[in-house]
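Structure assessment
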Amino acid sequence: MAPTRTPAVAGLFTEDGDPRGFRLLGTRCAACGALFFPREDDFCRDPGCTSTEFIEVALSPRGRIWSYTDCRYPPPPPYPRDQDREWEPYALLAVELKEERIVVMGQAVPGVRTEELEVGMPVELVPGVLHEDADRVLTTWHWQPERATEGTR
Amino acid sequence: MTGEIAVLGAAMHPWGKWGQSFVRYGVAAARSALADAGLAWDAVQSVVGAGSVRCGYPGYVAGSTFARAMGLNATRVTTVYAACASGSQAIAAARDQILAGDCEVALVIGAESAPKGFFAPNAGERPDDPDWVRFRLLGATNPAYFALYARRRMALYGDTVDDFAQVKVKNAAAGAQNPNARYPKAVDASEVAASAVVADPLRLLDICATSDGAAALVLTSLDFARRHGADKPVRIRAVSTRTPAYPRSDLDFPDIATDADGAGATAFRAQLAQAAYEQAGLGPDDVDTAEVYDLSTALELDWYEALGLAAEGEGAKLLRAGDTALGGRIPVNPSGGLASFGEAVPAQAIAQVCELTWQLRGQAGGRQVPGARTGITANQGLFGHGSSVVAVR
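All values reported here derive from a predicted model rather than from experimental measurement. (Residues numbered from 1 in each chain as written. Chains lettered and ligands numbered in written order. Predicted model: local features only at pLDDT ≥ 70, side-chain atom pairs only at ≥ 80, totals over all residues. Heavy atoms only, no water.)

**Points about the domain arrangement of chain B**
Residues and elements named next belong to chain B. Splitting chain B by domain gives domain 1 (5-117 + 212-235) and domain 2 (130-208 + 238-392). Of the residues lining the interface, 42 residues belong to domain 1; the matching set on domain 2 comes to 38 residues. Here domain 1 meets domain 2 over a buried area of about 2,900 Å², counting both sides, of which 67% is carbon and sulfur. Among the residues domain 1 hides against domain 2, the three largest losses belong to M12, W15 and C84. Together they make up 25% of the total. A salt bridge links R361 to D36, with the shortest nitrogen-to-oxygen separation between them at 3.0 Å. Applying the counting criterion to the domain 1 and domain 2 interface returns nine residue pairs in polar contact (both at pLDDT 80 or more). Looking at the side of domain 1 that touches domain 2, the elements that each hand over two or more residues are β1 (5-16), α4 (86-99), β4 (105-112), β7 (212-220) and β8 (234-240). In the side of domain 1 that touches domain 2, the residues fall into 23 nonpolar, 11 polar and eight charged. (Domains from an automatic or database assignment. Contact = heavy atoms within 4.5 Å. Buried area = accessible area lost by both parts, 1.4 Å probe. Salt bridge = Lys/Arg side-chain N within 4 Å of Asp/Glu carboxyl O. Polar contact = N/O pair within 3.5 Å; in protein donor to acceptor, adjacent residues only side chain to side chain. Helix = DSSP H or I, 4+ residues; strand = E, 2+ residues; numbered from the N terminus. Nonpolar A, V, L, I, M, F, W, Y, C, P; charged D, E, K, R; others polar.)

**Quick look at the pairing of strand β7 (residues 103-108) of chain A**
Walk down a regular strand and you will see the side chains alternate between the two sheet faces. Residues and elements named next belong to chain A. Within β7, six of the six residues are buried, which leaves it mostly tucked inside the rest of the structure. Both strand β6 (residues 90-97) and β7 contribute to a ladder of five bridges, which runs antiparallel. When the sheet's bridge partners are listed, V95 is paired in β7 with V104. In this structure, the hairpin formed by β6 and β7 is closed by a connection of five residues, where R101 is found at a positive phi of approximately 70°. Sheet topology places β7 next to strand β9 (residues 136-145); two bridges connect them, and they run parallel. Of the residues in β9, the one forming a bridge with Q107 is H142. (Buried < 20%, exposed > 50% of the residue type's maximum accessible area, 1.4 Å probe, protein only. Pairing = 2+ DSSP bridges.)

**Things to note about the pattern of salt bridges**
Residues and elements named next belong to chain A. Considering all chains together, one arrives at 36 salt bridges over all chains under this definition. Notably, a salt bridge pairs E56 with R39, separated by 2.9 Å at the nearest N-O pair. Linking E56 in strand β4 (residues 54-58) with R39 in the loop between β3 (35-36) and β4, this pair joins segments that are 17 residues apart in sequence. The exposure class of R39 is partly exposed, given its relative accessible area of 27%. Its salt-bridge partner being R62, residue E124 comes within 3.3 Å of it at the nearest N-O pair. Of this pair, E124 sits in strand β8 (residues 122-132) while R62 sits in strand β5 (residues 62-71), and the two are 62 residues apart along the sequence. You can call E124 partly exposed: its relative accessible area is 28%. In the salt-bridge network here, residues are joined through shared partners; they are D18, R20, R39, D41 and E56.

**Description of the UniProt feature "domain: Thiolase N-terminal" (unreviewed entry) in chain B**
Here the UniProt feature "domain: Thiolase N-terminal" (unreviewed entry) sits at residues 7-221 of chain B. Secondary structure within residues 7-221 of chain B divides into 42% helix and 20% strand; the distance between the first and last C-alpha atoms comes to 9 Å. (UniProt positions renumbered as here; feature names shortened; annotations may be inferred.)

**A short note on the interface of chain B and chain A**
Listed per partner, the contact involves 36 residues of chain B and 43 residues of chain A. Of the roughly 3,400 Å² buried at the junction of chain B and chain A (both faces included), carbon and sulfur atoms supply 66%. Three residues stand out in chain B for area buried against chain A, namely B:R136, B:L137 and B:Y246, and they jointly supply 22% of the buried area on that side. Joining chain B to chain A, the criterion identifies one salt bridge. Residue B:D259 is joined to A:R45 by a salt bridge in which the shortest nitrogen-to-oxygen separation is 2.8 Å. Linking chain B with chain A are 18 residue pairs in polar contact (both at pLDDT 80 or more), by the criterion used here. Residue assignment for the side of chain B that touches chain A shows that the elements contributing at least two residues are α5 (130-138), α6 (142-157) and β5 (197-199) of chain B. Ranked by residue count, the leading element in the side of chain B that touches chain A is α6(B), at seven residues. Partitioning the side of chain B that touches chain A into residue classes produces 25 nonpolar, four polar and seven charged.

This is the structure in structure tokens:
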């Protein structure tokens with residue numbers, strides 16, 4: 001039996017087959033329009049607004065690298081990983097979204113090294129796998145540097 | 001401007017990895033602080049404990065834990081928790097009680113027994129907790145955030161990894177003069193460069209360790225201090241505990257996104273310092289020394305700018321000129337900072353005030369800032385707890 005595909009955390013991005021394509025999901029305050037990611041469903045954080053109603057919105061899938069680093073050592077739980085496999089560092093990006101201008105963190109697609117990255121480099125949101133074992137596949141988002149286009153030197 | 005209170009006693013239990021109960025460290029620091037103040041335990045009217053989440057239930061109720069260990073004496077008791085800002089919140093609580101006339105003598109204690117390795121969130125499946133989410137989804141440890149800030153400085157201001165290493169060299173030189181430091185020895189730049197990269201561009205020696213340790217203060221009304229014979233005590237003139245203002249543009253852990261563009265990424269650190277200056281009726285030009293939260297070497301440079309000691313982007317310039325080293329124009333982290341101590345979370349902001357107290361009294365020995373009259377501390381606790389204390393003498 002094929003392992004089940006489950007979002008590593010529910011409600012933060014679109015599911016497989018969504019007509020909007022693969023997108024991060026935030027919410028907008030129905031009263032003042034303030035944008036929240038990760039989603040806010042209870043209280044508008046704008047101090048001048050008391051709204052408790054929110055509309056789900058798909059965020060723009062492109063942005064530019066605000067900053068970046070990598071994780072050379074295994075993070076502690078609840079980061080899911082196979083203890084028996086050798087640790088492979090991954091790059092971690094903070095990306096300023098093109099339209100909303102908020103900064104959103106995410107892992108880079110596997111294999112990206114920090115030497116290839118630059119602040120200001122354009123990146124694109126792509127579906128990714130955080131962890132996989134016999135029973136389950138935990139899905140997430142990754143940032144993919146737009147190598148073939150502008151930004152690389 | 002709010003009223004002032006006196007610091008009559010200050011003491012620490014040395015930082016290290018001692019493997020004992022945090023209560024032992026806390027009581028040792030408290031008894032030393034009382035001795036420093038020339039007061040007995042029965043003179044204390046209020047005990048304020050800075051809480052710890054890493055020492056089981058006794059840590060959650062640190063105030064009564066310390067009071068019980070010292071012998072329950074029917075004092076007022078308070079426990080506060082605000083992550084890294086717990087210590088300054090404890091000072092603020094004691095100050096409020098003293099200024100309100102509820103008590104004249106308060107004992108403030110923070111102590112920690114820290115686990116090895118990266119700090120991790122509480123156990124369980126908790127998707128509503130941003131601290132759980134950042135570890136679960138991204139494996140984003142605290143050093144990963146420090147590295148994002150460091151890389152941003154490199155891209156925006158041209159800071160280099162050599163600049164960051166020089167912060168460690170500077171702080172280690174000061175820490176070598178501090179008997180309470182966990183690493184009381186000089187470090188040179190080649191040792192920093194030879195240490196392993198933890199989160200590019202930061203290496204192990206750029207990042208503070210997690211430590212055991214304790215710090216305590218005896219705080220009193222100015223009137224009590226005078227009656228007790230302390231004519232010119234160190235005074236706490238301001239305690240800033242403010243939150244950020246919405247929308248947040250700084251990427252502060254444990255959050256994985258901002259509310260606004262990243263242009264004002266250091267705004268909150270500047271705001272919390274500004275609140276302390278305003279409360280104190282002082283400004284950056286009045287400051288003789290500062291104790292800042294150097295969770296990483298690069299972060300210390302952010303603090304220079306947040307405190308107004310350097311213009312935005314010019315923190316490294318201040319460092320390169322030697323201005324922030326002992327013997328410089330405005331020594332920062334004369335204690336040796338977190339670089340020499342490691343972080344004992346609930347004790348750290350109290351330890352910063354201990355160092356200011358010794359500096360302002362002229363008791364700092366080989367790390368003394370000559371003629372220091374005014375000092376400021378700065379720190380921030382998770383989820384937006386500002387923390388900054390101004391002390392004068």
